[in-house]
Amino acid sequence: MSTKFYVCSGCCCGRTEKGNYEVPAELLQSVWHEAELHNQVELKITSCLGPCSMNNVTLIKTPDKSIWLGKLNTAEHFTALISLAEDINQSGEFKDLPDLLKPHKFIPSSL
Ligand code: FES
């Protein structure tokens, strides 16, 4: 079973008119396509995942765990997500989060 990245671009995440950082959905989709990351990592740009106050939110689902990331508010955060997907695609498994993303891990209170 592959790893899945659910990158939220819903009612809050990515909404620049609400003062939030843009979610580079098209960039992510083109990188996934060009690097054939979908072999091991499925990318889904989603509507609201629930914890809007943590925008921008990404949920990573591995075969045995769910990892919530919030406050992905710089281009570097999304570059780190791409690097993580490349690592998983090469090794075939999720090992660890990049250091830049570790402080962004959270547990949603309402889910
Ligand atoms: S819009 Fe992203 S969690 Fe609600």
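A brief report on the enclosed structure follows. The shown structure was predicted, so the numbers you read here are calculated from the model rather than taken from an experiment.

Now for the pairing of strand E1 (residues 3–8). For E1, a buried count of five out of six residues is recorded, marking the element as mostly surrounded by other parts of the structure. Where E1 and strand E2 (residues 41–46) come together, six bridges link them in parallel fashion. Bridge assignment links Lys 4 to a residue of E2, and that residue is Glu 42. Across four bridges, the pairing between E1 and strand E3 (residues 58–61) is antiparallel.

It is worth spelling out the packing of aromatic side chains at this point. Any two aromatic rings considered together are summarised by their centre-to-centre distance and by the angle between their planes. Evaluation of the coordinates by the stated rule reveals three aromatic pairs. Measuring from ring centre to ring centre gives 6.0 Å for Trp 68 and Phe 106, while their planes differ by 55°; the resulting arrangement is tilted. Taken together, the residues span a long stretch of sequence, with Trp 68 in strand E4 (residues 66–69) and Phe 106 in strand E5 (residues 105–106) at a distance of 38 residues. Assessed through its relative accessible area of 13%, Trp 68 is described here as buried.

Rules of the game
Residues numbered from 1 in each chain as written. Predicted model: local features only at pLDDT ≥ 70, side-chain atom pairs only at ≥ 80, totals over all residues. Heavy atoms only, no water. Buried < 20%, exposed > 50% of the residue type's maximum accessible area, 1.4 Å probe, protein only. Helix = DSSP H or I, 4+ residues; strand = E, 2+ residues; numbered from the N terminus. Pairing = 2+ DSSP bridges. Phe/Tyr/Trp six-rings, centres within 6.5 Å; stacked < 30°, edge-to-face > 60°.

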